[in-house]
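So you can see what is in the structure, the chains are spelled out below.
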Amino acid sequence: GIPFFHCGDEILRSKSLDRDSYNSGDWLNRIDFSYNSNNWGVGLPPKEKNEKNWPLIRPRLADPSFKPQKSHILAALENFSDVLRIRYSSPLFRLRTANAIQVRRRHMSCLDCFPNCE
């Protein structure tokens, strides 16, 4: 099928735990393509939909161990690129319908891999 990746997933983009950042503005929705920051901990998410969770959110945003370093962001990007390379390595990873999958699948038993399997 067709995968869905939201903009910035591949670089650990954070919206600092905002549960709905559509109207949160650029300060919370920023994407850093220099990979120096993923925008974690830029401030509490807006009150409207997040206030009841502020007691949980506040200490996590303040904890420096939650903020990825540039090396973490680059590693995530490389891992994402690896997944895309695997996906494009075979048309079997891009089948678009359940029927296309069904006609290509084969049921295996343990005997296929282990001749002495009971």
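Along each chain, residues carry numbers from 1 onward, in the same order as the chain's sequence is written. Totals for whole chains, interfaces and linings use all residues, but because this is a predicted model, local features are given only for residues with pLDDT of at least 70 and pairs of side-chain atoms are given and counted only at 80 or more. By convention in this description, side-chain values take in all heavy atoms of the structure and omit both hydrogens and water.

### Side note on the packing of aromatic side chains
The aromatic pairing rule takes the rings of Phe, Tyr and Trp, using the six-membered ring of Trp, and pairs them if the centres are within 6.5 Å, calling planes under 30 degrees apart stacked, those over 60 edge-to-face and the rest tilted. Taken as a whole and judged by the stated rule, the model has 2 aromatic pairs. An angle of 80 degrees between the planes, with centres 4.8 Å apart, marks the rings of Phe-5 and Phe-80 as edge-to-face. With Phe-5 in the segment before α1 (26-29) and Phe-80 in helix α4 (residues 70-88), this residue pair connects regions lying 75 residues apart in the sequence. Classification of Phe-5 by relative accessible area gives partly exposed; the value is 38%. Look at Phe-80 and you get buried, because its relative accessible area is 18%. Put simply, DSSP H or I for four residues or longer makes a helix, DSSP E for two residues or longer makes a strand, and each gets a number counted from the N terminus. Each residue is assigned to one of three classes by its accessible area relative to the maximum for its type, calculated with a 1.4 Å probe on protein chains only: buried under 20%, partly exposed between the two thresholds, exposed over 50%.

### Quick word on unusual backbone geometry
Unusually for a residue other than glycine, Leu-12 sits at a positive phi of about 60 degrees. Looking at the secondary structure, you find Leu-12 in the segment before α1. Its relative accessible area of 33% is what places Leu-12 among the partly exposed residues. One non-glycine residue, Asn-39, adopts positive backbone phi at about 80 degrees. With relative accessibility at 2%, the residue Asn-39 sits in the buried group.

### Some remarks on the UniProt feature "domain: Alpha-1,6-glucosidases pullulanase-type C-terminal" (unreviewed entry) in the chain
UniProt positions are given in the numbering used here, feature names are shortened, and annotations may be inferred rather than shown by experiment. Here the UniProt feature "domain: Alpha-1,6-glucosidases pullulanase-type C-terminal" (unreviewed entry) sits at residues 35-105. Here residues 35-105 is 52% helix and 0% strand, with 40 Å between the C-alpha atoms at its ends.

### A word on helix α3 (residues 54-62)
Within the sequence span of α3, burial applies to Trp-54, Ile-57 and Leu-61. One face of α3 carries all of its buried residues, which in axial projection span an arc of 65 degrees. Summarising the geometry of α3, the exposed residues directed more than 90 degrees from the buried face are Pro-55 and Leu-56. Note on contacts: a residue pair is in contact if any heavy atoms of the two residues lie within 4.5 Å. In this structure, the buried residues of α3 make contact with α2 (47-50). Directions drawn from the helix axis to the C-beta atoms are what define this arc.

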